[in-house]
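Okay, here's what each chain looks like letter by letter:
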Amino acid sequence: SQTIHQWPATLVQPVGSPLSLECTVEGTSNPNLYWYRQAAGRGLQLLFYSVGIGQISSEVPQNLSASRPQDRQFILSSKKLLLSDSGFYLCAWSTGVVFYEQYFGPGTRLTVT
Amino acid sequence: QQQVKQSPQSLIVQKGGISIINCAYENTAFDYFPWYQQFPGKGPALLIAIRPDVSEKKEGRFTISFNKSAKQFSLHIMDSQPGDSATYFCAASKNTDKLIFGTGTRLQVFP
């Protein structure tokens with residue numbers, strides 16, 4: 001069966017520091033991968049998605065970037081965090097038609113201080 | 001055109017009752033309508049999804065009702081249990097376009 005991992009689970013970072021969040025998927029090959037951000041009590045905002053290694057589509061221009069160095073690995077990064085980057089970051093995967101039937105990971109709670 | 005409007009924002013139901021959450025959309029090109037369940041501090045879990053060629057889909061105590069002419073779809077939770085207390089999100093997508101999520105409904109089921 002498929003499993004999705006995210007780490008770290010929680011992170012507290014000062015403004016201006018770099019960020020690296022990692023997501024890996026097991027039990028499937030060539031998945032579509034997604035990064036979302038969820039503000040407290042709010043819906044989900046798509047940040048990036050990838051349909052293959054090295055293929056990244058950005059939905060929202062901001063100081064975040066994403067990379068997919070391996071088939072089942074998706075990384076979210078920032079060179080300098082802003083206070084507004086605080087939130088709950090979720091990685092998701094799907095197979096087949098992109099955006100359909102997405103399965104989410106456990107999330108990373110990021111607090112920028 | 002791209003919005004999915006979800007109501008109510010919060011819902012309190014007695015154990016054993018029926019919970020009903022509604023979503024409305026404008027874009028008639030949407031062809032995939034999932035519902036997600038999210039517990040505090042956890043990632044959303046895909047609960048059930050429907051395509052517009054059927055008017056209803058049932059999985060256990062969860063049912064999606066779909067009204068294409070009214071551009072509405074709803075989630076019904078039969079025999080609601082305290083363990084169903086969570087936030088529920090509807091969403092919609094069309095043909096390889098991103099999921100558009102509703103704003104969520106916080107459901108509380110009391111014994």
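I will try to describe carefully the structure that is included in this document.

Here is what the cut-offs are and how they apply
- Residues numbered from 1 in each chain as written.
- Chains lettered and ligands numbered in written order.
- Predicted model: local features only at pLDDT ≥ 70, side-chain atom pairs only at ≥ 80, totals over all residues.
- Heavy atoms only, no water.
- Helix = DSSP H or I, 4+ residues; strand = E, 2+ residues; numbered from the N terminus.
- Buried < 20%, exposed > 50% of the residue type's maximum accessible area, 1.4 Å probe, protein only.
- Core = buried A, V, L, I, M, F, W, Y, C linked by side-chain atoms within 4.5 Å.
- Contact = heavy atoms within 4.5 Å.

Right, let's talk about unusual backbone geometry for a bit. A cis amide bond, omega 0°, links Trp7 of chain A with the succeeding residue Pro8 of chain A. Within the secondary structure, Pro8 of chain A sits in the loop between strand 1 (3–7) and strand 2 (10–13). Non-glycine residue Asn30 of chain A carries a positive phi angle of around 50°. Assignment of secondary structure puts Asn30 of chain A in the loop between strand 3 (19–26) and strand 4 (32–38). For Asn30 of chain A, a relative accessible area of 47% gives the class partly exposed. Phi angles above zero are rare outside glycine, and Asp79 of chain B is one such case at about 45°. Note that Asp79 of chain B resides in the loop between strand 8 (72–77) and strand 9 (86–92).

Turning our eyes to something else, we now look at the nonpolar core. One finds Val4, Phe33, Trp35, Phe73, Leu75 and Tyr88 of chain B to be the most contacted residues of the largest nonpolar core, which totals 25 residues. Counting residues per element, the ones that place at least two in this core are strand 2 (10–14), strand 3 (19–25), strand 4 (33–38), strand 5 (45–50), strand 7 (62–67), strand 8, strand 9 and strand 11 (105–110) of chain B. When residues in this core are grouped by element, the largest group, four residues, is from strand 9 of chain B. Discounting chain neighbours no more than four positions away, the residues touching Val4 of chain B are Cys23, Ala24, Phe30, Phe73, Cys90, Ala92, Ile100, Phe101 and Gly102 of chain B. In this structure, Trp35, Phe74, Cys91 and Val112 of chain A belong to the second largest nonpolar core, which totals 20 residues.

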